[in-house]
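Summary of the model geometry
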Amino acid sequence: MDREAGLAHSARVTDSFIPDERPAEEQRSAQWTAHGTAAYRRISLALFLAGFATFSLIYCVQPLLPEFAQDFVVAPGVASLALSLTTGLLALAIFAAGAVSQMVPRRGLMFGSMAGAAVLNVAAAWTPSFPLLLMARALEGLVLGGVPAVAMAYLAEEIDPAHLGRAMGLYVAGTAFGGMMGRVGMGLATDLTSWRGAMALLGGLDLVAAVGFALLLPASRNFAIVRGFDPGFHLRAWGAHLRDPRLLRLFALAFLLMSVFVALFNYAGFRLAAPPYRLGQTATSMIFLTYALGMVASSSAGRLADRHGRARTLGVGLALLLAGIALTLSASLVLIVAGITLLTIGFFIGHSVASGWVGRVAHGAKGHAASLYLLFYYLGSSVTGTLGGWFWQHGGWHALAALTAVLTLVGFWVLNGLREAG
């Protein structure tokens with residue numbers, strides 16, 4: 001295929017994933033993968049592994065933040081940089097990956113990102129100083145940029161739009177499982193060995209997951225490689241999305257949802273390790289088993305949104321977030337765990353619906369819209385995840401809960417404007 005034909009074909013398949021938005025002849029030319037087929041099952045499992053590897057690598061350090069603070073003698077907010085730098089650099093890398101992904105096979109890019117990040121996680125485990133650990137974690141975020149936006153774009157390109165919400169929910173479920181196992185596994189393995197051994201073990205496991213992903217994922221059928229690089233095209237695509245008020249509100253919701261979730265989880269370990277709870281790594285990590293409910297919520301949210309409306313379903317997610325924050329203010333460990341459970345479910349409902357909504361709202365260059373969504377999403381983790389340390393150090397859990405409650409209320413306001421905008 002020559003360059004002009006490749007550009008035209010790529011523009012068609014990347015810019016119009018929803019049949020309603022495409023001319024009839026282009027709808028007929030797309031080779032959609034239908035639900036229930038062998039290819040659909042392979043795609044679902046492969047993207048589940050991608051979500052698992054990505055999020056287990058990103059968040060494996062979250063339960064280790066108290067260990068970092070103690071071993072390297074740094075403040076909790078400084079220790080949180082082990083996560084914030086990863087998500088911050090990941091947010092920026094997604095832009096580059098979105099542009100590069102037009103020029104290389106999607107499967108190869110995602111595999112290289114997963115494998116490279118797994119190796120860097122092993123390297124981070126054996127760094128002798130905290131600055132070197134932060135450097136390895138920052139590089140990990142850069143390398144992982146090849147997975148999230150490309151995975152969302154792959155699903156939107158290949159899956160029958162009638163089942164896209166379900167497929168996206170399964171991918172988000174994989175991220176939930178990865179986040180849970182990264183956190184729970186770290187706690188268990190740290191008590192059995194050390195935090196260094198635990199990080200190295202996870203890196204090896206995710207390297208295996210990367211190989212499984214590459215063997216399972218079918219090559220793209222609705223995507224053609226574009227030769228050459230046109231920065232003007234990417235700038236125009238991003239600019240157009242940033243001028244869309246509905247997309248801006250979805251990007252804001254991504255920032256707010258992730259801000260609340262990461263800020264609370266970053267410092268829950270510090271709270272539960274201190275009096276009167278004094279929980280060890282294993283006991284604290286068990287709380288992250290609530291992610292299993294997040295998996296169920298995310299896989300169900302897409303179907304509920306398709307049936308009952310996206311705004312209503314996302315509103316339920318925000319309400320659960322707020323209820324969860326309120327319960328964590330209790331001194332009772334049981335109620336704290338219940339609150340963490342509710343906010344986990346609420347977060348995954350909100351993220352699953354909002355991420356799928358982006359593909360519906362964006363007119364053209366949907367991969368670029370996905371990259372912007374994820375930019376705001378990970379900036380919420382990076383900025384508010386570290387900012388929450390200041391609230392925790394100076395006002396304790398009540399100050400942190402107040403910050404996240406305000407952000408959730410802003411989320412309701414943003415959602416209301418999105419509903420009015422259609």
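Quick look at the structure, then.

With respect to the overall build of the protein
The secondary structure content of the protein amounts to 18 helices and zero strands. In the protein, buried positions account for 57% of the 422 residues. Long-range pairs, those at least 24 residues apart, make up 85% of the contacts in the protein between residues at least 6 apart in sequence. Just so you have it, the protein exposes about 15,400 Å², and 69% of that area is on carbon and sulfur atoms.

Description of unusual backbone geometry
Omega for the peptide link from proline 275 to proline 276 comes to 5 degrees, which places this bond in the cis form. The backbone phi angle of valine 73 is positive, close to 55 degrees, even though this residue is not glycine. Relative to the assigned elements, valine 73 resides in the loop between α4 (65–71) and α5 (76–79). The phi angle at arginine 278 is positive, at roughly 50 degrees, despite the residue not being glycine. Its place among the elements puts arginine 278 in the loop between α13 (245–273) and α14 (281–286).

Side note on helix α7 (residues 106–125)
With 20 residues, α7 should reach 28 Å at 1.5 Å per residue; the first-to-last C-alpha distance of 29 Å fits that figure. Every buried residue of α7 is accounted for by Arg106, Leu109, Met110, Ser113, Met114, Ala115, Ala117, Ala118, Leu120, Asn121, Ala124 and Ala125.

A word on the pattern of salt bridges
Taken as a whole and judged by the stated rule, the model has three salt bridges. The closest approach of N and O atoms between glutamate 140 and arginine 137, which form a salt bridge, is 3.3 Å. Pair noted here: glutamate 140 and arginine 137 are both in helix α8 (residues 130–144), with a separation of three residues, about one helical turn. Salt-bridge contacts for arginine 246 lead to aspartate 244; the nearest nitrogen and oxygen are separated by 3.8 Å. Look at aspartate 244 and you get buried, because its relative accessible area is 15%.

With respect to the nonpolar core
With 127 residues, the main nonpolar core has Leu47, Phe68 and Tyr378 as its most contacted residues. If we ignore the near neighbours within four places in the chain, the residues touching phenylalanine 68 are Val61, Val73, Val74, Ala79, Ala82, Phe130, Leu133, Trp195 and Met199.

Focus: a nonpolar patch on the surface
Residues Leu132, Met135, Leu139 and Leu142 make up a contiguous nonpolar surface patch of about 350 Å² in total accessible area. According to the relative accessible area criterion, leucine 142 is partly exposed, its value standing at 40%.

Re the packing of helix α3 (residues 38–59) against helix α11 (residues 195–216)
The interhelical angle for the contact between α3 and α11, taken along N-to-C directions, is 155 degrees, at an axis separation of 9 Å. Comparing the axis directions of α3 and α11 gives the class roughly antiparallel. The element α3 and its partner α11 pack so that their crossing is left-handed. Residues Arg42, Leu45, Ala46, Leu47, Leu49, Ala50, Phe52, Ala53, Ser56 and Leu57 of α3 lie in contact with α11, whose contacting residues are Leu202, Leu205, Asp206, Ala209, Gly212, Phe213, Leu215 and Leu216.

Remarks on the packing of α3 against α7
Any two packed helices are characterised by how steeply their axes cross, that is the angle between the axes, and by the distance between the axes. Contact geometry of α3 with α7 gives a least axis separation of 10 Å together with a crossing angle of 30 degrees. Between α3 and α7, the angle is such that the two are roughly parallel. Like other packed secondary-structure pairs, α3 and α7 cross with a definite hand, here left-handed. Packed against α3, whose contacting residues are Leu49, Ala50, Ala53 and Leu57, the element α7 presents Met114, Ala117, Ala118 and Asn121 at the interface. Residues belonging to the contact of α3 with α7 are distributed by class as follows: seven nonpolar, one polar and no charged.

Focus on the environment of glycine 178
Checked against the element boundaries, glycine 178 lands in helix α10 (residues 164–192). For glycine 178, a relative accessible area of 0% translates into the label buried. Distance in space between the C-alpha atoms of glycine 178 and phenylalanine 48 is 8.9 Å, their sequence separation being 130 residues. Excluding anything up to four places from it in sequence, glycine 178 contacts Phe52, Phe55 and Ser56.

The rules behind the values
- Residues numbered from 1 in each chain as written.
- Predicted model: local features only at pLDDT ≥ 70, side-chain atom pairs only at ≥ 80, totals over all residues.
- Heavy atoms only, no water.
- Helix = DSSP H or I, 4+ residues; strand = E, 2+ residues; numbered from the N terminus.
- Buried < 20%, exposed > 50% of the residue type's maximum accessible area, 1.4 Å probe, protein only.
- Contact = heavy atoms within 4.5 Å.
- Areas by Shrake-Rupley, 256 points an atom, 1.4 Å probe, with all protein chains shown as cover.
- Expected span 1.5 Å × (residues − 1).
- Salt bridge = Lys/Arg side-chain N within 4 Å of Asp/Glu carboxyl O.
- Core = buried A, V, L, I, M, F, W, Y, C linked by side-chain atoms within 4.5 Å.
- Patch = residues over 30% accessible without salt bridge, like charges linked within 9 Å, V, L, I, M, F, W, Y side chains within 5 Å.
- Axes fitted to C-alpha atoms, helices over the stretch in contact; angles between N-to-C directions.
- Parallel < 35°, antiparallel > 145°, perpendicular 65-115°, else oblique.
- Left-handed = near helix turned anticlockwise from the far one by under 90°.
- Nonpolar A, V, L, I, M, F, W, Y, C, P; charged D, E, K, R; others polar.

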